[in-house]
Amino acid sequence: MCRSLGACVLSFIVGGAAQAATLKPVAPEACFVTPGSPATIRWDVRSGPLAGLEYVVRDYAGKQVAAGQAKAAGADAIETTLNLSQGFFEIDFPVAKQRFGLVALPAWQGKKDPFFAIDGALSWLVRDDALREALVRVAARSGIGMVRERLTWGAVHPAADRWDWETRNRFDTLRRTYAKHGVEVLEMAHDGPGWMGRVAKYPQDLVAAAVSWQKIAAHWRPTWGALEIWNEPDISFGGDLPADQYVALAKAISYGLFGKTDVPLVGGVMAHCNRAYLDTAAENGLLECIDAFSFHTYGRAMEMENLVAKYRDWLAAHDSSGLGRYGYLPLWITECGRPWKKGTERPAEGQDAESALDITMKGVEARACGIARYFAFVYPYYEENENNFGMMDKRGTPLRSMGAYAQMIRTLAGMGYVGDLKQTDPAIQRARVFGDLTQTVAVVYTGKADAGCKVRLGVPTLHLRGIDGRSLDPASDGAIPVPDGLTYVWLDPSQ
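Residues numbered from 1 in each chain as written. Predicted model: local features only at pLDDT ≥ 70, side-chain atom pairs only at ≥ 80, totals over all residues. Heavy atoms only, no water.

### Notes on the pattern of salt bridges
Put simply, the rule is: Salt bridges, as used here, are contacts in which a Lys or Arg side-chain nitrogen is within 4 Å of a carboxyl oxygen on Asp or Glu. Each helix corresponds to a stretch of at least 4 residues labelled H or I by DSSP, and each strand to a stretch of at least 2 residues labelled E; elements are numbered beginning at the N terminus. Per-residue accessibility, obtained with a 1.4 Å probe over protein chains only, is compared with the maximum for each type, and a residue is labelled buried under 20%, exposed over 50%, and partly exposed between these values.
All told, the structure shown has 34 salt bridges when counted by the stated rule. Note that Glu29 and Arg137 form a salt bridge whose closest N and O atoms lie 2.4 Å from each other. Here the residue Glu29 occupies a position in the loop between β3 (17-25) and β4 (32-33), and Arg137 occupies one in helix α2 (residues 129-142), the gap between them amounting to 108 residues. Note on Glu29: relative accessible area 21%, which makes it partly exposed. The class of Arg137 is partly exposed, set by a relative accessible area of 31%. Between Asp92 and Arg58 there is a salt bridge whose closest N-O contact spans 3.0 Å. Pair noted here: Asp92 is in strand β10 (residues 87-93) and Arg58 is in strand β6 (residues 54-59), with a separation of 34 residues, a long-range link. Judged by its relative accessible area of 14%, Asp92 is buried.

### A word on the nonpolar core
Within soluble globular proteins, side chains that are nonpolar tend to cluster in buried spots. Note the threshold: The nonpolar core is taken to be a set of buried Ala, Val, Leu, Ile, Met, Phe, Trp, Tyr and Cys residues, with the residues joined through side-chain atoms within 4.5 Å. Only heavy atoms matter for contacts: two residues are in contact if any of them lie within 4.5 Å across the pair.
Trp213, Phe293 and Phe295 are the most contacted members of the largest nonpolar core, which totals 105 residues. In terms of residue count, helix α9 (residues 349-368) provides more of this core than any other element does, 8 residues in total. In contact with Trp213, other than residues within four places in its own chain, are Leu151, Trp153, Ala189, Trp224, Leu227, Ile253 and Leu257.

### Notes on the sheet that holds strand β23 (residues 383-384)
So the rule is basically this: One bridge is not enough; two strands pair if DSSP finds at least two bridges between them.
The strand order β21-β24-β23 describes an open sheet built from 3 strands, whose pairing is antiparallel. Looking along the sheet, the strands with just one partner apiece sit at the ends: β21 (340-341) and β23. Bridge count for β21 against strand β24 (residues 387-388) is 2 bridges, and the pairing is antiparallel. When the sheet's bridge partners are listed, Trp340 is paired in β24 with Asn388.

### So, the packing of α9 against helix α10 (residues 400-412)
Filter applied, for reference: Between the N-to-C directions of two axes lies an angle of 0 to 180 degrees, each axis being a line fitted to C-alpha atoms and, for a helix, fitted only over the stretch in contact. By the definition adopted for this analysis, an angle is roughly parallel if under 35 degrees, roughly antiparallel if over 145, roughly perpendicular if from 65 to 115, and oblique otherwise. Note on convention: the crossing is left-handed when the near helix lies turned anticlockwise from the far helix by less than a right angle, right-handed when the turn is clockwise. Each residue is assigned to one class: nonpolar for Ala, Val, Leu, Ile, Met, Phe, Trp, Tyr, Cys and Pro, charged for Asp, Glu, Lys and Arg, and polar for all the others, Gly among them.
One can describe the packing of α9 onto α10 by two numbers: an axis separation of 8 Å at closest approach and a directional angle of 30°. In terms of their interaxial angle, α9 and α10 are classed as roughly parallel. The crossing of α9 and α10 is right-handed. Taking contact as the criterion, the partners of Glu349, Asp352, Ala353, Ser355, Ala356, Ile359, Thr360, Gly363, Val364 and Arg367 in α9 are, on α10, Arg400, Ser401, Ala404, Tyr405, Met408 and Leu412. The class makeup of the residues in the contact of α9 with α10 is 8 nonpolar, 4 polar and 4 charged.

So this is what it looks like as structure tokens:
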């Protein structure tokens, strides 16, 4: 993830000695505000009182839009009051040399579009209960209807006759929190209880595994939106075994839950589009025991269409019914990200923008290619090897990727893909068009951020917004600015 939820390390003098003060947002969700309305954000001062701290607010493009001084708000807090237009912003405390993200978008209202989801992994990656709940509230506010979680199966069912629903990870508390805020969980585990025995990574006693999942489903079904069977069985998480070994587990769980839960069973969860592995899985009956097939991709946005086509071709090749049943099997992408370089609390502006552009455009491509659910990876701060995949910083304030994803949801929710806009400008890599009964939007994609980039569409436009939702103006000659690598263009449907 990005930089800290508000940890600002500043220097101030107490008794002649320089000490460190740490700022932390009192309520991380307060960093998601309603545009055009005054919003007060309060920051805890963990090391002692601090008043009059100067700040600068910059927009998505790094342009300064406000400045001021934070005010004391009691002995251990300061506050800032801002009135922001729609879009993404960073508030920078120069003395502290720390920044925090702000998203100014209206709160989501009404029914959520099931396509828009996120891989949260809060069970493993976030320990603080207050931060967990804040992130759940932010997801709900942003229009996200499902969050992928991870369950440590062996900890929950440590012995044949013993259960621990909470564990030190507080699994039960977190799932009840999701339910309280109207966000469904995509449940997933890729460990087996030791007492069941193991074949590489998989449980050996498949009957016990099926019975165990019956009990888990009975307990957590009210919080679930779906159950995903294992994670990336085609690599080390599956013990490098052939696909028939994974299918045996999938069949056991599917059989055990038949008639006992109404949530979709999602199988596959592939790390790679390995046709030999996929063929073995299909030939051993995987497609007959699942409701949706999932896969992961960390490729670039322009690779998405070809990748989806490969999976569709595979499904069609194994459809012996002649009815096209497998061809219409829902495809879910349950991990899809673009990391930034680890080692800092927030990424550099360029890395942040690159991550935001790729995650957002891969969502656009997935939508155009008929993917049923798209899980951006990953919601909280998360360092892995040399990368950080987080869409939020270390203290829970948003990065550009989170702001851009929230705007994508706001723009495209409820809209269907209607085709590509005819265009001849060589700078445009894609111009996907989406619409409903009231509006038509083209997503114009050039593939790279360039403050001076302008393109010509050759059709009348109504209004424009940048990747984060900020308003953009056409050039005097009608050219469309694409400063972020992606611009939303509202078109006149009659034209």
